[in-house]
Amino acid sequence: MAVQSDSGGKDDVKTQFVTREGTYRLMTLSEYSRPNRVGYTSGSGSTHVRVSLVSLPPGPGGGAPGSDGQGADDRICFNHGKELYVYVYRGVKKAADLTKPVDKKMYKGTNPTCHDFNTVTMTPESVSLIIGFSTGQIQLIDPLKKELSKLYNEERLIDKTRVTCIKWVPGSSNLFIAAHASGQLYVYNEELTCGTASPHYQLFKQGDGYSIHTCRTKSTRNPLYRWLIGADSCINEFAFSPCGTNLAVVSQDGFLRVFHYDTMELIGRARSYFGGFLCVCWSPDGKYVVVGGEDDLVTVWSFSERRVVARGQGHRSWVSVVAFDPYVVSFNEGESDDVADEDKKSESTQCYRLGSVSQDTQLCFWDLTEDVLRPPVRARASAHLSPNSQNFSPNGVPGAKVPKCPKTNKIGHKHAELSGNAAGEPSGTKPAAKTKANNVSTLNISVGKAKEESSGSLGVNFTQRLAGFSFGERRSDHRRNFSLSKPAEKSSATGTVALRGKSAGAHDTYDPLKLIGTASCPRFDECPVLEPLVCKKIAHERLTALLFRAEYFVTACADGCVNTWARPARAHNGDARPRPRPDRIDLVD
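Residues numbered from 1 in each chain as written. Predicted model: local features only at pLDDT ≥ 70, side-chain atom pairs only at ≥ 80, totals over all residues. Heavy atoms only, no water.

1. Let's talk about the side chain of Ser-128
Phase 1 of the analysis: Locating Ser-128 in the fold gives a position in the loop between strand E7 (112-117) and strand E8 (129-133).
Phase 2 of the analysis: In this structure Ser-128 comes out as buried when scored by relative accessible area, which is 14%.
Phase 3 of the analysis: Not counting residues up to four positions away in its chain, the partners in contact with Ser-128 are Asp-116, Phe-117, Asn-118, Thr-121, Leu-140, Ile-141, Leu-148 and Trp-168. (Helix = DSSP H or I, 4+ residues; strand = E, 2+ residues; numbered from the N terminus. Buried < 20%, exposed > 50% of the residue type's maximum accessible area, 1.4 Å probe, protein only. Contact = heavy atoms within 4.5 Å.)

2. Notes on the pattern of salt bridges
Phase 1 of the analysis: The full count for this structure, using the stated rule, is 12 salt bridges.
Phase 2 of the analysis: Residue Glu-305 is joined to Arg-307 by a salt bridge in which the shortest nitrogen-to-oxygen separation is 2.7 Å.
Phase 3 of the analysis: Take Arg-307: its relative accessible area is 5%, and that puts it in the buried class.
Phase 4 of the analysis: Beyond isolated ion pairs, a larger network of salt bridges with shared partners links Arg-20, Glu-21, Arg-353 and Asp-367. (Salt bridge = Lys/Arg side-chain N within 4 Å of Asp/Glu carboxyl O.)

3. Details of the layout of surface pockets
Which parts of space are left empty comes out when a probe the size of a water molecule is rolled across the atoms.
Phase 1 of the analysis: Estimated volume of the largest pocket: approximately 1500 Å³.
Phase 2 of the analysis: Around the largest pocket, the lining comprises 48 residues; the ones closest to its centre are Asp-116, Lys-167, Ala-239, Leu-547 and Arg-549.
Phase 3 of the analysis: Counting only elements with at least two residues in the lining of the largest pocket, the list comes to strand E3 (51-55), E7, strand E11 (163-168), strand E17 (235-240), strand E21 (277-282), strand E25 (319-325) and strand E32 (543-548).
Phase 4 of the analysis: Looking at the lining of the largest pocket residue by residue, the classes come out as 31 nonpolar, 12 polar and five charged. (1 Å grid on protein atoms, 1.4 Å probe; cavity = no way out; pocket = protein on both sides within 12 Å on 5 of 7 lines; lining within 4 Å. Points joined across faces, edges and corners; volume = space filled by probe spheres on them. Nonpolar A, V, L, I, M, F, W, Y, C, P; charged D, E, K, R; others polar.)

4. Structural notes on the sheet that holds strand E16 (residues 225-229)
Phase 1 of the analysis: In space, the six strands of this open sheet follow the order E11-E12-E13-E16-E15-E14, with antiparallel pairing throughout. Each edge of the sheet is formed by a strand with only one pairing partner; in this case those strands are E11 and strand E14 (201-207). The mean angle between the axes of side-by-side strands here comes to 20 degrees, regardless of whether they run parallel or antiparallel.
Phase 2 of the analysis: In this structure, strand E13 (residues 184-189) lies alongside E16, joined through four bridges in antiparallel fashion. Counterpart to Leu-185 in the pairing with E16 is Trp-227. (Pairing = 2+ DSSP bridges. Axes fitted to C-alpha atoms, helices over the stretch in contact; angles between N-to-C directions.)

5. Concerning the nonpolar core
Phase 1 of the analysis: In terms of nonpolar packing, the biggest core is built from 23 residues, with Ile-177, Leu-185, Trp-227, Ile-229, Phe-238, Val-249 and Tyr-261 touching the most fellow members.
Phase 2 of the analysis: Counting residues per element, the ones that place at least two in this core are strand E12 (175-180), E13, strand E15 (210-215), E16, E17 and strand E18 (246-251).
Phase 3 of the analysis: Among all residues touching Ile-229, those that are not within four sequence positions of it are Gly-183, Leu-185, Gly-209, Tyr-210, Ile-235, Val-249, Arg-257 and Phe-259. (Core = buried A, V, L, I, M, F, W, Y, C linked by side-chain atoms within 4.5 Å.)

6. What to know about the confidence of the model for the protein
Do not read the predicted coordinates in detail wherever pLDDT is low.
Phase 1 of the analysis: Averaged over every residue, the pLDDT of the protein is 74; residues scoring 70 or more account for 62%.
Phase 2 of the analysis: Residue range residues 64-71 is modelled with pLDDT below 50. Its contacts to residues more than four positions away, or to other chains, number 20 contacts.
Phase 3 of the analysis: Predicted confidence for residues 378-402 stays below pLDDT 50, and this span has 51 contacts to residues more than four positions away or in other chains. (pLDDT = per-residue confidence, 0-100.)

7. Description of unusual backbone geometry
Backbone geometry follows two general trends: most residues other than glycine have a negative phi, and most peptide bonds adopt the trans configuration.
Phase 1 of the analysis: Residue Pro-223 is reached from Asn-222 by a cis peptide bond, and omega for that bond is -5 degrees.
Phase 2 of the analysis: Here the phi dihedral of Met-264 falls at roughly 60 degrees; this positive angle occurs in a residue that is not glycine.
Phase 3 of the analysis: Its place among the elements puts Met-264 in the loop between strand E19 (255-260) and strand E20 (265-271).
Phase 4 of the analysis: A positive phi angle, close to 55 degrees, is found at Arg-306, a residue other than glycine.
Phase 5 of the analysis: Within the fold, Arg-306 resides in the loop between strand E23 (297-302) and strand E24 (307-313).

8. Side note on the side chain of Asn-111
Phase 1 of the analysis: Checked against the element boundaries, Asn-111 lands in the loop between strand E6 (103-108) and E7.
Phase 2 of the analysis: Its relative accessible area of 7% is what places Asn-111 among the buried residues.
Phase 3 of the analysis: In this structure the side chain of Asn-111 is engaged in a polar contact, spanning 3.2 Å, whose partner is the side chain of Lys-82. (Polar contact = N/O pair within 3.5 Å; in protein donor to acceptor, adjacent residues only side chain to side chain.)

9. Describing the packing of aromatic side chains
Phase 1 of the analysis: Inspection of the entire model under this criterion finds 29 aromatic pairs.
Phase 2 of the analysis: Centroid distance Phe-78 to Tyr-87: 5.8 Å. Interplanar angle 20 degrees. Geometry classified as stacked. There is no split in this pair, since Phe-78 and Tyr-87 are both buried.
Phase 3 of the analysis: With a centroid separation of 6.3 Å and 10 degrees between ring planes, the pair formed by Trp-227 and Tyr-261 is classed as stacked. With Trp-227 in strand E16 and Tyr-261 in the loop between E19 and E20, the pair connects residues that are 34 residues apart, well separated along the chain.
Phase 4 of the analysis: With relative accessibility at 1%, the residue Trp-227 sits in the buried group.
Phase 5 of the analysis: An aromatic cluster is defined as three or more aromatic residues linked by ring pairs; in this entry it consists of Phe-17, Tyr-24, Phe-365, Phe-548, Phe-553 and Trp-565.
Phase 6 of the analysis: The ring centre of Phe-238 lies 5.7 Å from the NZ or CZ of Lys-167, which sits over that ring.
Phase 7 of the analysis: Arg-306 extends its terminal NZ or CZ atom over the ring of Phe-303, reaching a point 4.1 Å from the ring centre. (Phe/Tyr/Trp six-rings, centres within 6.5 Å; stacked < 30°, edge-to-face > 60°. Lys NZ or Arg CZ within 6 Å of the ring centre and 35° of its normal.)

10. Quick word on the sheet that holds strand E9 (residues 138-141)
The strands that make up a sheet are held in pairs by hydrogen bonds between backbone atoms, and each pair lies either parallel or antiparallel.
Phase 1 of the analysis: One open sheet holds the four strands; their spatial order is E7-E8-E9-E10, and the pairing between them is antiparallel. Lying at the two open borders of the sheet, with one neighbouring strand each, are E7 and strand E10 (149-152). Neighbouring strand axes in the sheet, compared pairwise and without regard to direction, differ in orientation by 20 degrees on average.
Phase 2 of the analysis: Relative to E10, E9 runs antiparallel, the two sharing four bridges. Opposite Ile-141, over in E10, you have Ser-149 as the bridge partner.

Okay, structure coming up:
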């Protein structure tokens, strides 16, 4: 397959590219403008621009009320530096007026780093938005009603490190999970308080390389659970499976760990060649987990087979986001534009469409076909015949039982038992202050500079040893891009060191180098290596966000630009639909 890659100069940024289904376009004339905005320089601590989208349910008049008075249903939230914005979002329609935000917040002493809308409790007039910050605090707001404002970990007694990822538990109206750079996941109930003293924990469950703790308190309070994953390695991202049963976590120690969420059992893992995994996503059917990271690769892991089944090689720097496009699931090589009958469709080759963006400012599209993901049995046998794999089961987890994904979603069952009648308890949170007329509010959070400790000998030594390990033939530019794991930020939770001794000890019982050649990390010549369908430079700065929607997809980069790309005028499944011109959101002048 020929790869469409860029070989132009630094400023050769693409505004359109072609795939099998047609041409994707970015129209700069639909660019949003923000007059009279003071430029912002974030300095050395620049954070990623994250994007959250939500489609509100229709109101009594057939549409949710919007600031434009035309009933737009979508809301978009994005952060840049110390600022957070929520706007009416029209997708590929005419750009909204960015001089009239639904909500705008500026923070002092901290930066918003991640956020997520609650789609379970949303109404046409209300939606809950949870926000994580660089100094460890968490805020809950309602950007539509502006009557809700709660703070969690306000005094940084639970964790002092950066919130790296925050998400609502699928199907839950009040539970959310926050991941920190300390290597810990915390489960919160938004209706409970956090307490006025540092929490004391007791061991609840322990496994290979992880442990789970609960608070020792007379009354139920946040956090409900604390997950310690890895040996002091920053958790970069986590993602729930589409059925909500399984949880995939990637961290700076270079591991993908997949847990059954309700039973809290580790059911699979994968290992990078070197450096950390930075991003993770599930396929729409939950059969595959895709990760990207500092090895510049896109790695595909099969949930049913518990092994790495393919790698994608195309980026020239760290992969920052991976995302499946659920609206492109198959194609037919021989189908012409005027043929769309069912017989032709049934002959099409089934595949998954995957997108990835990287710090090399490039967007890649990948087609993951069945012949690559399910090769002949003889071809996959070599991945299990390494002499280093004798101490590991085929799924890479010694003695792990593999629970099946149930049809019914019982997410939060264990947490609901622990919290008891938490919903009836008073939150003890002070009433939210009245919002100013211009919809701009300021939150003062003191910044206590967290101490940094040098990275553990395990991570650095492993990376140095692995850098000289032979993986087979690779491109010359990838040989020059070895990257070491970053130092982990020190955990601030009380008793962390004492409690981590057991979990870290379990993690250190094996040498991660022995995973090379196993199902968790096959050698480079032991699994298919994919090339991207397209690989285009679409920004001047590193890309930090990628979201797919039915008629468009959204990208964001570190300089604050959030762009909407219109899909082709004719979808490849034969459904001819006009594609209006896209919009572009620009956060900087």
